[in-house]
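Here are the chains, one letter per residue:
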Amino acid sequence: MNKNISIVGVPMDLGADRRGVDMGPSAIRYAGVVARLEKMGMNIQDRGDIAVTRPHQFSETENHKYLDEVVDANIKLAEVVSDIMQEGRFPLVLGGDHSIALGTVAGVAKHVKNLGVIWFDAHGDLNTGETSPSGNIHGMPLAASLGFGHQRLVNIGGFAPKLKPENVVIIGARDLDMGERELIKRIGMKVFTMHEIDKLGMARVMDEAIAHVSKNTDGVHLSLDLDGLDPHDAPGVGTPVIGGISYREGHVSLEMLADADILCSAEFVEVNPILDSENLTARVAVALMSSAFGDKLL
């Protein structure tokens, strides 16, 4: 595992409906992410936060809220992540809403020819402007990374698509819009809903997911939305959905990923301290990060 980790924060909530998730990077840092990873022997470089422009008034373009600002921030993020990859370090991105995955994936995919992705999320994030009920771009980054949607989102980083459907696995889905369901079926993407997790158990789901994203790929990106966990364990998220992954299931998942040693990058998103209780969700995020980097009791 690459022990040289570069942290970058993206204090953005423009991709979501609710304010507050822009404070996620600060909350995660306050929860001790740097000290936790350094204690594990990691070499940590904190590159600070991406500058995010907030307009004075609401803007919407073709059912894409704050399109200009979201694109601008993700172009900057893609450049920083690409620089980190070029330096041979591991990019760890702290969100911010999930629209920041547009920039993270673009920056990583520039250096990893066949990128695999494990997408932990209650939602599919597979909407486009035509299918989105809200126009919120945090529900679109996976679709855009696959080449579907508004061309300004699709082409962040200057190339498209970044991902192939057969190299992606969604884990923990339990709230999918109709357009997302149709796209999943059309492109044949692998999705483990909470039904499969309950039926098969998390260990088997992870075994199958790891095998799936490891086949014909040159590295795997982890995109973890904290709303993938049950709100009981992670209350500070903007779009909570009951019946999610438990705290222990989350740790087992990331412990297995660490054992597989396939990750080349990661992002943890949607921590909203305004909706949280005593920074619990940020502390959960830090604990999960430690598992992803191989922290063990014995």
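Not measured: the values here are computed from a predicted model.

**Describing the overall build of the protein chain**
Inference 1: When its secondary structure is counted, the protein chain shows 11 helices and 10 strands.
Inference 2: Scaling as 2.2 N^0.38, a compact globule of 298 residues should have a C-alpha radius of gyration of about 19 Å, and the protein chain matches this with 17 Å.
Inference 3: Seen along its three principal axes, the alpha-carbon backbone of the protein chain occupies a region of about 55 × 40 × 40 Å.
Inference 4: Each of the 298 residues in the protein chain was classed as buried or not, and the buried ones make up 59%.
Inference 5: In the protein chain, 76% of the contacts between residues at least 6 apart in sequence involve partners at least 24 apart.
Inference 6: As presented, the protein chain carries roughly 11,800 Å² of accessible surface, and 50% of it is formed by carbon and sulfur atoms.
Inference 7: Averaging the coordinates of the 27 positive side-chain charges in the protein chain and doing the same for the 41 negative ones gives two points 4 Å apart.

**A closer look at the UniProt feature "binding site: Mn(2+)" (unreviewed entry) in the protein chain**
Inference 1: As recorded in UniProt, the sites labelled "binding site: Mn(2+)" (unreviewed entry) are His 98, Asp 121, His 123, Asp 125, Asp 225 and Asp 227. Spanning 130 residues, the annotated positions come together in the fold, the maximum distance between their C-alpha atoms being 12.2 Å.
Inference 2: Not counting residues within four places of it along the chain, the set of residues in contact with Asp 121 comprises His 98, Ile 171, Gly 172, Ala 173, Asp 225, Asp 227 and Gly 228.
Inference 3: Not counting residues within four places of it along the chain, the set of residues in contact with His 123 comprises Ile 170, Asp 175, Leu 176, Asp 227, Thr 239 and Val 241.

**Topic: the packing of aromatic side chains**
Inference 1: Per the counting criterion, the structure on display carries 1 aromatic pair.
Inference 2: Relative to Phe 293, the ring of Phe 90 has its centre 5.0 Å away and its plane inclined at 70°; by these criteria the two rings are edge-to-face. One end of the pair, Phe 90, is in strand S5 (residues 90–95); the other, Phe 293, is in the segment after helix H11 (280–292), with 203 residues separating them in the sequence. Residue Phe 90 shares its accessibility class with Phe 293, and that shared class is buried.
Inference 3: Its guanidinium or amino end placed over the ring of Phe 159, Lys 162 lies 5.2 Å from that ring's centre, counting from NZ or CZ.

**Comments concerning the packing of helix H3 (residues 67–86) against helix H4 (residues 101–109)**
Inference 1: At a closest axis distance of 7 Å, the pairing of H3 and H4 adopts a crossing angle of 35°. Remark: the crossing between H3 and H4 carries right-handed chirality. Of the residues in H4, those touching H3 at Val 70, Asn 74, Leu 77, Ala 78, Val 81, Ser 82 and Met 85 are Ala 101, Leu 102, Gly 103, Thr 104, Ala 106, Gly 107 and Val 108.
Inference 2: Each residue belonging to the contact of H3 with H4 can be placed in one class, and the counts come to 9 nonpolar, 5 polar and no charged.

**Here's the deal with the nonpolar core**
Inference 1: Counting residues in hydrophobic clusters, the biggest one holds 50 residues, and the most contacted among them are Leu 115, Leu 126, Leu 142 and Met 189.
Inference 2: The element best represented in this core is H3, accounting for 10 residues.
Inference 3: The residues contacting Leu 126, other than those within four sequence positions of it, are Gly 139, Leu 142, Ala 143, Leu 146, Ile 170, Glu 180, Leu 183, Ile 184 and Met 189.
Inference 4: Residues Val 33, Val 169, Ile 197 and Val 286 belong to the second largest nonpolar core, which totals 48 residues.

**Quick look at the sheet that holds strand S10 (residues 263–269)**
Inference 1: Across the sheet, which stays open at both edges, the 8 strands sit in the order S2-S1-S5-S10-S9-S6-S7-S8 with parallel pairing between neighbours. What marks the edges here is a single partner per strand, and that holds for strand S2 (43–49) and strand S8 (190–193). Strand-to-strand twist across the sheet, computed as the mean angle between neighbouring axes with direction ignored, equals 15°.
Inference 2: Strands strand S1 (4–10), S2, S5 and S10 of the sheet are contacted by H3, whose axis makes an angle of about 150° with S5.

**Re helix H9 (residues 202–214)**
Inference 1: Spanning 13 residues, H9 covers 18 Å between terminal C-alpha atoms, matching the ideal 18 Å at 1.5 Å per step.
Inference 2: All of the buried residues in H9 are Met 202, Val 205, Met 206, Ala 209, Ile 210 and Val 213. Mapping the buried residues of H9 onto a view down its axis gives an arc of 130°, with all of them on the same face.
Inference 3: Residues of H9 that are buried in the fold lie against strand S6 (115–120), strand S7 (168–173), S8, helix H8 (194–200), strand S9 (219–225) and helix H10 (247–260).
Inference 4: Asn 216 occupies a position one or two residues after H9 and carries a positive phi of about 60°.

**Some thoughts on the environment of Val 108**
Inference 1: Checked against the element boundaries, Val 108 lands in helix H4.
Inference 2: Taking the C-alpha atoms as reference points, Val 108 and Val 168, separated by 60 residues in sequence, lie 15 Å from one another.
Inference 3: Those residues in contact with Val 108, other than ones at most four positions away along the chain, are Val 81, Met 85, Pro 91, Leu 115, Cys 264 and Ser 265.

Analysis parameters
Residues numbered from 1 in each chain as written. Predicted model: local features only at pLDDT ≥ 70, side-chain atom pairs only at ≥ 80, totals over all residues. Heavy atoms only, no water. Helix = DSSP H or I, 4+ residues; strand = E, 2+ residues; numbered from the N terminus. Rg over C-alpha atoms; globule rule 2.2 N^0.38 Å. Buried < 20%, exposed > 50% of the residue type's maximum accessible area, 1.4 Å probe, protein only. Contact = heavy atoms within 4.5 Å. Areas by Shrake-Rupley, 256 points an atom, 1.4 Å probe, with all protein chains shown as cover. Lys, Arg positive; Asp, Glu negative; His and termini not counted. Charge placed at Lys NZ, Arg CZ, Asp CG, Glu CD. UniProt positions renumbered as here; feature names shortened; annotations may be inferred. Phe/Tyr/Trp six-rings, centres within 6.5 Å; stacked < 30°, edge-to-face > 60°. Lys NZ or Arg CZ within 6 Å of the ring centre and 35° of its normal. Axes fitted to C-alpha atoms, helices over the stretch in contact; angles between N-to-C directions. Left-handed = near helix turned anticlockwise from the far one by under 90°. Nonpolar A, V, L, I, M, F, W, Y, C, P; charged D, E, K, R; others polar. Core = buried A, V, L, I, M, F, W, Y, C linked by side-chain atoms within 4.5 Å. Pairing = 2+ DSSP bridges. Expected span 1.5 Å × (residues − 1). Arc of directions from axis to C-beta.

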